[in-house]
Every structure is written in C-alpha cells, then in structure tokens.
Amino acid sequence: MSATRPIVLIADRLAPRVVELLEPDFEVRHVDGTDRRALLAALADASGVLVRSATTIDAQALAAAPRLKVIARAGIGLDNIDLPAATARGVLVVNAPLSNIWSAAEHAVALLLATARQIPAADASLRAGTWKRSSFSGVEIADKTVGVVGLGRIGLLFAARLKAFEARVIAYDPYIQPGRATQLGVHLVSLEELLRESDFISIHLPKTPETVGLIGAKELAATKPGTILVNAARGGLVDEQALAESLQSGHLGGAGIDVYDAEPCTDSPLFALPNVVATPHLGASTVEAQDKAGEAVARSVRLALQGDFVPDAVNVQAGGVVAEEVRPGLSLAEKLGRIFTAIAGGIALRLSVEVRGDIVEHDVSVLQLAALKGIFTDVVEEQVTFVNAPLLARDRGLEVDLVTDPISQDHRNVTTLRGVMADGREISVSGTVTGPRLVEKLTEVVGFEVDLRPEGYLLFFRYDDRPGVVGTMGAMLGDAEINIASAQVSRADAGGEALMAITTDSEVAPELLAMIAERIGARDARLANLTSG
C-alpha cells in the first residue's frame with residue numbers, strides 16, 4: 001500500500017463494514033488494544049484510531065502518537081479516552097451518540113414484557129423439571145396505562161412501541177412541548193400524576209444531580225399496588241434499597257432492571273427477589289447497535305482526515321473547518337444555551353440565535369449548533385452533540401433560526417439567545433468573547449446588563465430592589481459554607497425590578513436556593529451548573 005496514505009488504526013473488534021468504508025482512502029492497520037506495548041508502538045504512525053471500550057487512549061497513548069488527528073469511539077461512553085488530554089493536543093474525539101437508541105428502547109420493552117409475564121422465572125422452573133402453569137399468572141399491557149419518565153429519543157421510541165400494544169401512554173418531561181407530545185399520542189402529566197395513574201413505569205432520563213434518586217421510597221409508595229417499574233436508563237435514578245423494600249412488601253408487582261448504582265454489579269438485594277428481571281447493562285448490546293456505531297465513527301474519521309468539519313465531534317474546538325475567528329465562540333454559545341435552559345426552566349417554542357459583529361464575515365452557523373447543544377445538555381438522557389442537537393430540537397417542537405448582523409453596538413462581537421416560551425415569556429441571554437486572552441463574558445440576562453464570567457455555579461434572582469437583600473443572601477450562603485466568587489446587581493431604576501447574578505465555588509442545593517428566594521422575596525430564582533457536561 002502507498003506509504004503516503006494516512007494510517008488508521010483499529011484497536012478493537014469492529015464490524016467488517018468499518019474497514020470497507022476506510023480502505024479506499026486510508027491504510028487500515030489492526031492491533032490488539034489490550035496489549036499496551038503493541039498499542040503504543042502501533043500509534044506511532046497513526047493519523048486516526050478507532051476503539052470500543054476495551055482500549056484505553058490516555059495521555060501516555062497520545063504522547064506515543066505524534067501524528068494522531070482523530071480518536072473514534074464506536075459507542076457512546078468516553079470513559080476510556082482522556083478527553084482533556086486529547087483536546088489539549090488538538091486531537092478530535094468523536095463517538096456514535098445515536099447508535100444504540102433503538103437497542104436501548106427495545107431492551108426496555110423486553111424487560112417490561114419479561115417482568116409482566118414472569119418469563120425468566122417460568123423458564124427456570126421448567127428447566128428445573130417442574131410444570132407450574134398456575135404459579136406464573138402474568139398481566140396484560142393492553143388497555144393499561146404506561147408512564148414514561150423522560151421523552152428523549154429513547155423515551156420517544158419506547159412510547160411509540162407501547163402505543164402499538166394498545167396501551168394508554170402518559171409521560172413526564174418538563175423539557176418537551178405539550179403540542180409535540182400530543183402529536184405522538186402521548187399525554188404529558190406531572191411526575192406525581194404519572195406515579196399515581198401508571199400500571200407500568202419506564203424511566204428514560206439522563207443521570208444528573210437533579211435526577212439521581214428521583215424515584216425513592218416516597219415516590220414508590222405513591223404508585224398503584226402491583227405497578228411494574230423498568231429502569232434501563234442509568235443507575236442511581238431509582239433508590240435500589242427502597243425499590244427492593246417495595247418489591248418485598250408486595251406493593252410493587254415487579255421490576256425490570258438493567259442498570260445499577262455501581263457497575264459491574266454482582267451483589268444486590270434485587271437479585272434475590274423472584275419478581276425482578278435483572279440484566280447486566282445490555283441496553284446497547286446488539287449486533288446492529290455495534291454495527292451502527294462502527295459505521296458512524298468510520299464516517300467521522302473520514303471527514304476528520306479529509307480536513308472537513310466533523311458535526312458529531314465531542315471536542316469540536318479541536319478541529320474541523322470552523323474559522324479560527326469563530327472557534328472561541330463555540331464554547332460561549334454552548335454555555336449561553338445551558339444558562340438559557342436554566343433560567344427558562346424548560347424548552348422554548350421558538351429560539352433565535354443572534355450573532356452580531358465582524359465575526360459574521362465567516363460562516364457562523366456552527367454557533368447555532370453549539371447553542372442547541374447547550375440548550376439540551378442538561379435535560380436529555382443521551383449525550384448531546386452537533387449531529388443530534390437539531391434532531392432534539394425537532395423532536396421537541398423547537399423552532400430555531402439564525403440571525404446575523406455585521407453591526408454590534410456595544411461589543412466587537414456578541415451572541416444572543418432569544419426565545420419565546422409556551423406561556424408567552426420571553427427569555428434572552430447574551431455573551432461575548434473579549435480581549436487578547438479571549439475571555440468569555442456574560443453581558444445580558446433577561447434584559448438586564450451584566451458583566452460576569454460564565455463559569456462554575458451561577459445563581460440568578462429577580463426581585464424588587466431594596467436595601468439588605470445582598471447582605472441577607474450573602475449571610476445565608478455563608479452559613480452554608482458556600483463561597484461567593486463574584487456577585488453583581490443590575491437594575492433599570494432604583495426601587496424597581498433588579499437582577500442579582502452570583503457565581504459560587506460550590507454547588508447550591510435546590511432547597512437552599514428556594515430558602516434564599518423566599519427570604520429575599522424573589523419572584524424567580526435559578527441555578528445554572530456549568531461545571532459538568
């Protein structure tokens with residue numbers, strides 16, 4: 001083979017289709033990624049490397065790969081890739097965020113069916129040489145109510161499949177428009193109503209500080225007697241001990257569980273219960289999911305090594321054909337999206353991404369994608385990337401447009417996210433990147449001028465301006481041993497409405513945020529966490 005062709009290294013077993021996609025333009029080599037010495041040697045000439053979960057690409061591996069331009073993970077998780085080290089090296093990291101959504105949805109359906117009809121227990125009984133038909137009386141799904149907690153892409157697929165069983169499907173998801181849910185034949189309800197009305201409950205949420213332990217003893221006690229619960233999303237969303245106790249008491253009729261607080265998990269009180277169907281995190285373990293993952297990252301590797309922009313890059317700042325002048329705005333636009341969602345408390349009906357200044361001489365459409373990535377990062381189950389952010393917007397009925405203007409009044413360049421909510425509220429946040437060090441600044445929040453770094457934990461309070469508010473708020477945070485990094489009060493008129501914006505060094509619990517809001521008489525209090533995601 002020609003020595004001038006870029007070398008692509010495959011370090012884990014992938015579908016044959018991956019090689020077919022790469023071989024016409026690249027020299028494809030194979031190595032056992034679990035053989036550390038062989039891996040480091042093979043990386044020396046590689047421009048790209050494709051891995052699954054068995055191969056670790058860390059700082060040492062990156063140091064051994066001076067020509068490396070792209071790391072591709074044929075799957076979703078990136079635990080085996082040192083993302084900060086790759087980004088610092090300018091190495092693009094891509095994955096396959098949509099590869100397993102069908103497999104995951106189908107596995108949740110399988111768990112529900114297996115639990116409802118006691119299939120594993122009946123199978124085990126028959127294999128043990130007994131015929132006990134009367135011991136395995138199941139329940140039907142038809143004409144029952146199925147509650148879906150989280151209508152992300154997997155939740156939507158699950159809901160569609162349950163509709164085919166002639167079940168009534170209800171859902172809890174504050175980040176989807178009611179009109180969009182209605183189009184899908186799904187009725188949106190509160191979590192309390194879902195728990196109260198459902199005969200079957202399936203969870204499809206991301207794991208965030210807000211969702212960990214969402215279903216605990218109190219929530220389980222609120223369900224109907226005999227309810228069957230399925231969790232094939234993330235471990236920790238359901239309190240496992242509370243779940244086991246509810247099943248032991250006979251309140252819950254059964255549970256189908258694929259994920260656990262700590263994995264691998266081989267010892268759980270759930271495993272001893274006959275009304276539990278347990279699997280070892282098999283949601284993505286299908287031939288098709290693995291094939292889709294391999295094909296997706298092969299295409300991304302091709303784009304990256306051809307010098308094209310890679311839309312599903314995890315660390316897009318590291319590469320692509322985005323103009324140098326535009327790249328600093330990617331991180332800012334994403335943070336503005338996260339702040340917008342935090343302040344809005346939901347997803348807008350319409351969103352305008354407005355980019356003003358001389359930056360619009362270049363193609364700034366990627367800033368719209370970055371903003372959408374931020375909008376959904378903290379509210380959906382799947383990892384949000386540039387490739388699926390528009391799909392998430394479409395699925396939730398969010399209309400998005402990009403507005404550009406070469407004239408910016410107060411800053412050389414400014415990006416604004418302006419949205420209209422279902423209740424008629426208008427929400428806006430603006431920011432800029434300034435100075436030779438490209439410092440990100442938050443410049444406007446819901447019409448109030450601010451000058452704040454968008455980082456760490458951000459608190460926003462809207463209240464009627466009066467003496468003593470700042471001191472009260474500071475004292476309450478101090479009593480909780482939370483240090484204020486910066487604080488700013490913005491107002492139009494003395495005694496009128498004011499906005500207090502604060503950054504703290506540690507997270508503020510929702511309970512404390514509510515207490516502060518009540519104490520200072522705030523009409524609105526919001527927290528944006530920019531430390532993760």
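Preceding block: the structure.
Cut-off values and rules
- Residues numbered from 1 in each chain as written.
- Predicted model: local features only at pLDDT ≥ 70, side-chain atom pairs only at ≥ 80, totals over all residues.
- Heavy atoms only, no water.
- Helix = DSSP H or I, 4+ residues; strand = E, 2+ residues; numbered from the N terminus.
- Rg over C-alpha atoms; globule rule 2.2 N^0.38 Å.
- Buried < 20%, exposed > 50% of the residue type's maximum accessible area, 1.4 Å probe, protein only.
- Axes fitted to C-alpha atoms, helices over the stretch in contact; angles between N-to-C directions.
- Left-handed = near helix turned anticlockwise from the far one by under 90°.
- Contact = heavy atoms within 4.5 Å.
- Nonpolar A, V, L, I, M, F, W, Y, C, P; charged D, E, K, R; others polar.
- Phe/Tyr/Trp six-rings, centres within 6.5 Å; stacked < 30°, edge-to-face > 60°.
- Pairing = 2+ DSSP bridges.
- Polar contact = N/O pair within 3.5 Å; in protein donor to acceptor, adjacent residues only side chain to side chain.
- Salt bridge = Lys/Arg side-chain N within 4 Å of Asp/Glu carboxyl O.

## Considering the overall build of the chain
Then step 1. Counting its regular elements, the chain contains 17 helices and 22 strands.
Then step 2. Taken against the 2.2 N^0.38 rule, which gives 24 Å for 533 residues, the C-alpha radius of gyration of the chain at 25 Å falls within 12% of a compact globule.
Then step 3. Here the C-alpha coordinates of the chain stretch approximately 80 × 70 × 45 Å along the principal axes.
Then step 4. Residues classed as buried in the chain amount to 51% of the 533 residues present.

## Re the packing of helix α13 (residues 328–344) against helix α14 (residues 365–377)
Then step 1. Between α13 and α14, whose axes approach to 7 Å, the crossing angle comes to 35°. Between α13 and α14 the crossing geometry is right-handed. Between α13 and α14, the residues in contact are Gly329, Leu330, Ala333, Glu334, Gly337, Arg338, Phe340 and Thr341 and Val366, Leu367, Ala370, Ala371, Lys373, Gly374, Ile375 and Thr377, respectively.
Then step 2. Within the contact of α13 with α14, the residues separate by chemical class into eight nonpolar, five polar and three charged.

## A few points about the packing of aromatic side chains
Then step 1. Scanning the model with the defined rule gives one aromatic pair in all.
Then step 2. With a centroid separation of 5.7 Å and 80° between ring planes, the pair formed by tyrosine 260 and phenylalanine 271 is classed as edge-to-face. You can see tyrosine 260 sitting in the loop between β11 (254–257) and β12 (276–278) and its partner phenylalanine 271 sitting in the loop between β11 and β12, a full eleven residues away along the chain.
Then step 3. Overall, tyrosine 260 belongs to the buried group, its relative accessible area being 6%.
Then step 4. Relative accessible area serves as the criterion here: at 36%, phenylalanine 271 is assigned to the partly exposed category.

## Considerations on the sheet that holds strand β22 (residues 524–529)
Then step 1. Taken in spatial order, the four strands make up an open sheet running β20-β21-β19-β22, and their pairing is antiparallel. Single-partner strands in this sheet number two, and they are β20 (484–491) and β22. Within the sheet, the average angular offset between the axes of one strand and its neighbour, ignoring direction, is 15°.
Then step 2. As judged from the seven bridges shared by β20 and strand β21 (residues 497–504), these two strands associate in the antiparallel manner. Within the sheet, the bridge partner assigned to isoleucine 484 lies in β21 and is threonine 504.
Then step 3. Against the sheet, helix α16 (residues 469–479) touches β19 (457–464), β20 and β21, its axis set at about 25° to β21.

## Let's talk about the pairing of strand β17 (residues 439–445)
Then step 1. Across the seven residues of β17, five count as buried, placing the element largely inside the fold.
Then step 2. As paired elements, strand β16 (residues 426–434) and β17 share six bridges and run antiparallel to each other. What sits directly across from threonine 432, in β17, is lysine 441.
Then step 3. Sheet topology note: the β17/strand β18 (residues 448–452) ladder contains three bridges and is antiparallel. Pairing of valine 445 across the sheet is with phenylalanine 448, part of β18.
Then step 4. The hairpin turn running from β17 into β18, its antiparallel successor, is two residues long, and valine 446 in that turn takes a positive phi close to 40°.

## A few points about the environment of alanine 108
Then step 1. If you trace the backbone, alanine 108 turns up in helix α5 (residues 101–116).
Then step 2. With residues near it in sequence (within four places) discarded, alanine 108 still touches Phe158, Ser202, His204, Val230 and Ala232.

## Considering helix α7 (residues 153–163)
Then step 1. Counting buried residues in α7 gives eight out of eleven residues, a clear majority hidden from the surface.
Then step 2. The set of residues buried in α7 consists of Arg153, Ile154, Gly155, Leu156, Leu157, Phe158, Ala159 and Leu162.
Then step 3. Of the surrounding elements, those touching the buried residues of α7 are α5, β6 (145–149), β7 (168–172), β9 (200–203) and α15 (389–395).

## Here's the deal with the sheet that holds strand β13 (residues 350–357)
Then step 1. The six strands lie next to each other as β14-β13-β15-β16-β17-β18, forming an open sheet whose pairing is mixed. Two strands in the sheet have a free side with no partner beyond their single neighbour: β14 (399–405) and β18. Pairwise comparison of adjacent strand axes, ignoring direction, gives a mean angle of 20° for this sheet.
Then step 2. Strands in contact with α14 are β13, β14 and β15 (413–420); relative to β13, the strand with the most contacts, it is inclined by about 135°.

## Side note on the side chain of threonine 504
Then step 1. Counting through the fold element by element, threonine 504 comes out in strand β21.
Then step 2. For threonine 504, a relative accessible area of 4% puts it in the buried group.
Then step 3. Separated by 2.7 Å, the side chain of threonine 504 and the backbone oxygen of serine 506 make a polar contact.
Then step 4. Among all residues touching threonine 504, those that are not within four sequence positions of it are Tyr457, Leu459, Leu477, Ile482, Asn483, Ile484 and Ala485.

## Looking at the pattern of salt bridges
Then step 1. On inspection of all chains with the given rule, the structure shows 27 salt bridges.
Then step 2. Here aspartate 395 ties to arginine 153 by a salt bridge, and the two come within 2.7 Å at their closest N and O atoms. A residue pair is termed long-range when its members are at least 10 positions apart, and aspartate 395 in helix α15 and arginine 153 in helix α7 qualify at 242 residues. There is no split in this pair, since aspartate 395 and arginine 153 are both buried.
Then step 3. A salt bridge links arginine 491 to aspartate 465, with the nearest nitrogen and oxygen atoms 2.4 Å apart. Here arginine 491 is found in strand β20, whereas its partner aspartate 465 is found in the loop between β19 and α16, with 26 residues between them in sequence.
Then step 4. What makes arginine 491 partly exposed here is its relative accessible area of 45%.
Then step 5. Taken together, the shared-partner salt bridges in this structure form one network comprising Glu354, Arg356, Asp405 and Arg418.

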